[in-house]
Amino acid sequence: QVQLVESGGDLVQPGGSLRLSCAASGIIFSIYAMGWYRQAPGKERELVATITNSGRTNYADSVKGRFTISRDNARNTVTLQMNMLKPEDTAVYYCKATIGRTGNWGQGTQVTVSS
């Protein structure tokens with residue numbers, strides 16, 4: 001049974017930093033592509049960053065230069081380091097594990113950027 005558990009969401013001031021983590025179980029983590037997505041109130045879920053099983057990364061234009069995705073295959077975790085946070089980064093952030101056409105989602109963690 002696939003389980004993805006996100007953590008690290010919080011309330012932070014503009015310009016601040018947060019580090020999100022996603023712990024995976026029930027999968028052979030190293031062969032999955034992993035990603036972070038977010039959904040703000042009233043908006044559709046959107047891609048934030050992805051990392052392939054070989055470590056190739058991709059970012060949404062809105063977060064390039066501010067966010068960094070990484071993975072630790074020994075610990076079955078994927079991390080999103082978020083710097084220079086803006087109010088428009090406020091959203092529920094979701095972790096996704098993908099292999100082929102199959103995707104599994106976590107429950108999400110809330111990130112609020114506000115003064």
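Every value quoted in this text rests on a predicted model; they were computed, and no experiment measured them.

Some points on the side chain of T109
No. 1: Note that T109 resides in strand β11 (residues 109–113).
No. 2: With relative accessibility at 10%, the residue T109 sits in the buried group.
No. 3: At 3.1 Å, the side chain of T109 forms a polar contact with the backbone nitrogen of G9.
No. 4: Those residues in contact with T109 that sit more than four places away from it in its chain are E6, S7, G8, G9, L20, A91, V92 and Y93.

A short note on the packing of aromatic side chains
No. 1: As enumerated under the stated definition, the model contains two aromatic pairs in all.
No. 2: When the centroid spacing of 5.0 Å and the interplanar angle of 70 degrees are considered together, the rings of Y37 and W105 count as edge-to-face. Residue Y37 is found in strand β4 (residues 33–39), and its partner W105 is found in strand β10 (residues 102–105); the two are separated by 68 residues along the sequence.
No. 3: Taking 6.3 Å as the distance between ring centres and 90 degrees as the angle between the ring planes, the aromatic pair formed by Y94 and W105 counts as edge-to-face. You can see Y94 sitting in strand β9 (residues 91–99) and its partner W105 sitting in strand β10, a full eleven residues away along the chain.
No. 4: The exposure class of W105 is partly exposed, given its relative accessible area of 35%.
No. 5: The rings of Y37, Y94 and W105 are connected pair by pair, giving a single aromatic cluster.

Comments concerning the environment of D61
No. 1: Checked against the element boundaries, D61 lands in the loop between β6 (57–59) and β7 (67–72).
No. 2: The sequence separation of D61 and A91 amounts to 30 residues, and the corresponding C-alpha distance is 17 Å.
No. 3: Looking at D61, its side chain comes within polar contact range of the side chain of K64, at 3.1 Å.

Things to note about the pairing of β9
No. 1: As paired elements, β4 and β9 share seven bridges and run antiparallel to each other. Each residue of the ladder has a partner; that of M34, found in β9, is A97.
No. 2: Between β9 and β10, which pair antiparallel and follow one another directly, the connecting turn spans two residues, one of which, G100, has a positive phi of 60 degrees.

Looking at the nonpolar core
No. 1: Grouped together as the largest cluster of nonpolar side chains are 30 residues, with contacts concentrated most on M34, W36, V78, L80, M82 and Y93.
No. 2: Of all the secondary structure elements, the ones that give two or more residues to this core are β3 (18–25), β4, β5 (46–51), β7, β8 (77–82), β9 and β11.
No. 3: The residues contacting M82, other than those within four sequence positions of it, are G16, S17, L18, L20, R66, F67, Y93 and V111.

Topic: the pattern of salt bridges
No. 1: In total, this model carries five salt bridges according to the counting rule given.
No. 2: Among the salt bridges present, the one from R38 reaches E46, with a minimum N-O distance of 2.7 Å.
No. 3: Classification of R38 by relative accessible area gives buried; the value is 7%.
No. 4: Judged by relative accessible area, E46 falls into the partly exposed class, the value being 37%.

Rules of the game
Residues numbered from 1 in each chain as written. Predicted model: local features only at pLDDT ≥ 70, side-chain atom pairs only at ≥ 80, totals over all residues. Heavy atoms only, no water. Helix = DSSP H or I, 4+ residues; strand = E, 2+ residues; numbered from the N terminus. Buried < 20%, exposed > 50% of the residue type's maximum accessible area, 1.4 Å probe, protein only. Polar contact = N/O pair within 3.5 Å; in protein donor to acceptor, adjacent residues only side chain to side chain. Contact = heavy atoms within 4.5 Å. Phe/Tyr/Trp six-rings, centres within 6.5 Å; stacked < 30°, edge-to-face > 60°. Pairing = 2+ DSSP bridges. Core = buried A, V, L, I, M, F, W, Y, C linked by side-chain atoms within 4.5 Å. Salt bridge = Lys/Arg side-chain N within 4 Å of Asp/Glu carboxyl O.

Scope: geometric values only; no functional claims are made or implied.
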